[in-house]
Amino acid sequence: MAIVLGIDTGGTYTDGVIIDLESHKILAATKASTTHRDLIVGIRNTINQLDYEKLDALDYVALSTTLATNAIVENRGCRVGLLILGFTPEKELPPCEKAILPGIMDIRGSEREPLDLDATKAAIESMRGKVDAIAVSGIFSVRNPEHENKVKAMAREILGLPAVAAHELTTVLGMQERTVTAVLNARLISVIDELMTATKNALRERNIDAPIMIVKGDGSLMNESIAKERPIETILSGPAASIIGATFLNHAENGLVLDMGGTTTDIAILKDSRPRLDTEGAKVGGWRTRVAAAEANTFGLGGDSRIYQPYQSKHLQVGPRRFWPVAVIARDYPYYLTELRQIWDRNVGLIINEPCEGYFLLRDPDPHMELSKTQRQVINALREGPHTVVELGKMLNVNPNFILVEPLLDHGILGGIGFTPTDILHIDGTYEVGDKNASLLAASLMARQRDIDTDKLIQIAKDLITEKMCRVILDSILEYEKIELSPFYEDDHHPDETMEFFFRNSVWNQKADLLANRFELQMPIIGIGAPIRAWLPEAAQRFHTEAVFPPHNDVANAVGAAAGKVMTIYRILVQNHEASGVDIYAPWGRIKYEPTMETVGEGECQILSNDNLMILAAKDIIAEGKKRIAEEMKEQGIEDYEILVESKEVRSGKDPGEVVKIHIETKIEIIAVGHPQWSAKGAKAK
């Protein structure tokens, strides 16, 4: 019996579940607030709240985390030194100390220019004290990693720092993307190491001595040692975990998985029990990587999305920025409700902010950050707790309309407080974690500013949330289908206007006089996340499909972390170079098969045909790959696993009608999949 603790750290809550993988039973589940100043506090609180007596007998712990994604977006992490071999980048790279050095491999993996070991050593020495980790990226290293391996070893020996080579992270061509991936990976090494250390400490406090696994962006798991070497693979683990969790809880094979959290909504399409992977590689923080990740779309719509009317706009808007609900703030700081009542009594109106909005201090700014006098005063005024914008104006003797703190929100120094979907649920009585009176007063303040009924404002906000959910569902479907626009649109016709017409006609029931249409989603919508039951049913109805809510859907990401499997993939290319033989490009290096002789009769030999040589090479490399992947699974502590081999031949002929085509190459994938399973003794040894 495998008993697993799954933990997911989201933008609003840190969820925890304990699962019996054999029976598929949820033995315990809980939610704790995510502590943005120190994520580990939220993890510790989650563990402490779990109602389970045998925490010391867990088989392993699995984490789904946004830490790597957030670090990239916020430009955080350690200092990186980049050694580039034989290539001058033309596009921007993430911040790093870099040196461009000799050493070129060609596309067939042959050396065109040797390394300059003296220049390489000097470049490495020049980075001493300036960097915390090294990334090495050489042109066509996926065809032959020899140069990268030598330089990586030199960097480790000379500086004694962690080092990573680009070919270890991806086998896909694309020097720019591989280099970006290597730099970001090096930057995240310290981030994930700190997470692992802190998580271990939190587990140790409860006498939990179990291995730690982390969810990768493709939904599979990796162990601690691999996560420390390849932390970049943890980006977008949240959406991946939600898909795995939905599959585990609902036994679904096909469906649109919609995960609504406090900050964002993630949508992915599940077909044949698994999501489609992004073939281009995950894009995070504006950087295109070569990291395999589930194809998912993330939208700024969540239970805590800000509901407001932008300056000079005539309509309310929801998101994308996250604000803390007034109900939650007033619960923790009752004087905030008093400040709202004072605003009501004084009938204060605002231009930029809603009258119920305010701020609180999340963290101190960087000492080098340029701040205005008013911004510094705001930070100091919030040190004792949150305040409304109106109250801040009184405290600083400044017109509240002139308190502009957008940069402080962008850099995560301040958190915003305002009216959110969560406040609507408090007013409806469907959610009761905060102060309902504060939510109702906030809605009343917003309604009075617009000279409308409070009930009408709430209904407008509800319709707005439903409409946005319908739009993000439709956007995700169109993205999945990857429909190419007709050349017709290159002239004066506008596809956005056409799409808007069909959306309003079909989904939003604004029927046209001459044309009626109907959008019907051909699969159910599987809803997961804490606020999803309140908002999904109507959206699903508008797409004429079923809304499905698996049991424990509010902690599905943590379930996905616990239910994930370890998956290791070797991608190998076998290429026919005719007269010069066959080349194999494997993750561990290039292997060449020279033309050879075969016996065809007694005393008779002939050159083995390249077609047969390709078959021989593929057979040999599959055997070697199976051996290596078995060793890697064993190193990860995986005792029970399955090895699958998929191969695809690519053939070509001079004439399209030619029956016998030349065998150009064979693409091979060797895949090992299994649940982590350690004995108690093995677990403690890991």
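Residue positions are given per chain, counted from 1 along the sequence in the order it is written. Only residues with pLDDT of at least 70 get local features here, since the model is predicted, and only at 80 or more are side-chain atom pairs given and counted; chain-wide, interface and lining totals rely on the full set of residues. Note that the side-chain values use all heavy atoms of the structure and ignore hydrogens as well as water.

A. Expanded view of the overall build of the chain. Scanning the chain from terminus to terminus reveals 20 helices and 32 strands. Relative to a compact globule of 686 residues, whose C-alpha radius of gyration would be 26 Å, the chain shows 28 Å and is just as compact. With respect to the principal axes defined by its C-alpha atoms, the chain has extents near 105 × 65 × 55 Å. Contacts are assigned to residue pairs that have any heavy atoms within 4.5 Å of one another. Considering only residue pairs separated by 6 or more positions, the chain has 67% of its internal contacts joining residues 24 or more positions apart. Charge separation in the chain, taken as the distance between the mean sites of 74 positive and 98 negative side-chain charges, equals 3 Å. Helix and strand labels come from DSSP, where a helix needs a run of H or I of at least four residues and a strand needs a run of E of at least two; each type is numbered from the N terminus. With the radius of gyration taken over C-alpha atoms, the globule rule is written as 2.2 Å times the number of residues to the power 0.38. Neither His nor the chain ends contribute to the count of charged residues, in which Lys and Arg are positive and Asp and Glu negative. Working definition for charges: the position is that of NZ of Lys, CZ of Arg, CG of Asp or CD of Glu.

B. Structural view of helix α10 (residues 373-381). By the burial criterion, the buried members of α10 are Q375, V378, I379 and A381. Taken around the axis of α10, the buried residues stretch over an arc of 165°, which confines them to a single face. The inward-facing, buried residues of α10 abut β21 (358-361), β22 (387-388), α11 (389-396), α12 (406-410) and β23 (414-418). Exposure is judged per residue with a 1.4 Å probe applied to protein chains only, and the accessible area is read against the type maximum: over 50% gives exposed, under 20% gives buried, and values in between give partly exposed. Relevant arc is that of directions from the helix axis to the C-beta atoms, nothing else.

C. Layout of the side chain of S237. Position of S237 among the secondary structure elements: in helix α7 (residues 237-250). A relative accessible area of 0% places S237 in the buried class. Excluding residues that lie within four positions of it along the chain, S237 makes contacts with S64, T65, V215, K216 and G217.

D. Molecular detail of the pairing of strand β28 (residues 589-593). At least two DSSP bridges between two strands are required for those strands to pair. Here strand β27 (residues 582-586) pairs with β28 via 5 bridges, running antiparallel. Following the sheet pairing, V582 is matched in β28 by Y593. Following β27, the chain reverses through 2 residues before pairing antiparallel with β28.

E. Structural view of helix α18 (residues 556-563). Across the 8 residues that make up α18, a large majority, 8, are buried. For α18, the full list of buried residues reads A556, N557, A558, V559, G560, A561, A562 and A563.

F. Highlighting the pairing of strand β19 (residues 305-308). The alternating pattern of β19 places S305 and I307 and R306 and Y308 on opposite faces, both of which are buried. Sheet topology note: the β19/strand β20 (residues 317-325) ladder contains 3 bridges and is antiparallel. Bridged to S305 within β20 is R322.

G. Region of the structure containing the sheet that holds β22. Across the sheet, which stays open at both edges, the 5 strands sit in the order β19-β20-β23-β21-β22 with mixed pairing between neighbours. Whereas interior strands pair on both sides, the edge strands pair on one side only; in this sheet they are β19 and β22. As judged from the 4 bridges shared by β21 and β23, these two strands associate in the antiparallel manner. Looking at the pairing, Y359 lines up with G416 of β23.

H. Molecular detail of the packing of helix α15 (residues 454-481) against helix α17 (residues 532-542). Lines fitted to C-alpha atoms define the axes, with helix axes restricted to the stretch in contact, and inter-axis angles between N-to-C directions lie between 0 and 180 degrees. It is the contact of α15 with α17, at a shortest axis distance of 9 Å, that shows an interaxial angle of 60°. Note that α15 runs across α17; the crossing there is right-handed. In this structure, α15 uses K462, I465, T466, M469, C470 and I473 to contact α17, whose residues at the interface are I532, W535, L536, E538, A539 and R542. Gly is placed with the polar residues, together with every amino acid not listed as nonpolar (Ala, Val, Leu, Ile, Met, Phe, Trp, Tyr, Cys and Pro) or charged (Asp, Glu, Lys and Arg). Across the contact of α15 with α17, the residue classes break down as 8 nonpolar, 1 polar and 3 charged. Left-handed describes a crossing in which the near helix is turned anticlockwise from the far one by less than a right angle; the clockwise case is right-handed.

I. Up close: the confidence of the model for the chain. The predictor attaches a confidence to each residue, called pLDDT, with possible values from 0 through 100. Summing up the model confidence of the chain, the mean pLDDT is 86 and the portion of residues at 70 or higher is 92%. Here residues 678-686 is a poorly scored stretch, pLDDT under 50, and it has 17 contacts once near neighbours within four places are set aside; other chains count.

J. Region of interest: a negative patch on the surface. What goes into a patch is any residue over 30% in relative accessible area without a salt bridge, connected to like charges within 9 Å or, for nonpolar side chains (Val, Leu, Ile, Met, Phe, Trp, Tyr), within 5 Å. Areas reported here follow the Shrake-Rupley algorithm with a probe of radius 1.4 Å; residue values treat only the protein chains shown as occluding. Here, a salt bridge means any side-chain nitrogen of Lys or Arg that lies within 4 Å of a carboxyl oxygen of Asp or Glu. A contiguous patch of negative charge, built from E111, E113, D116 and D118, is present on the exposed surface. Within the fold, E113 resides in strand β8 (residues 111-113).

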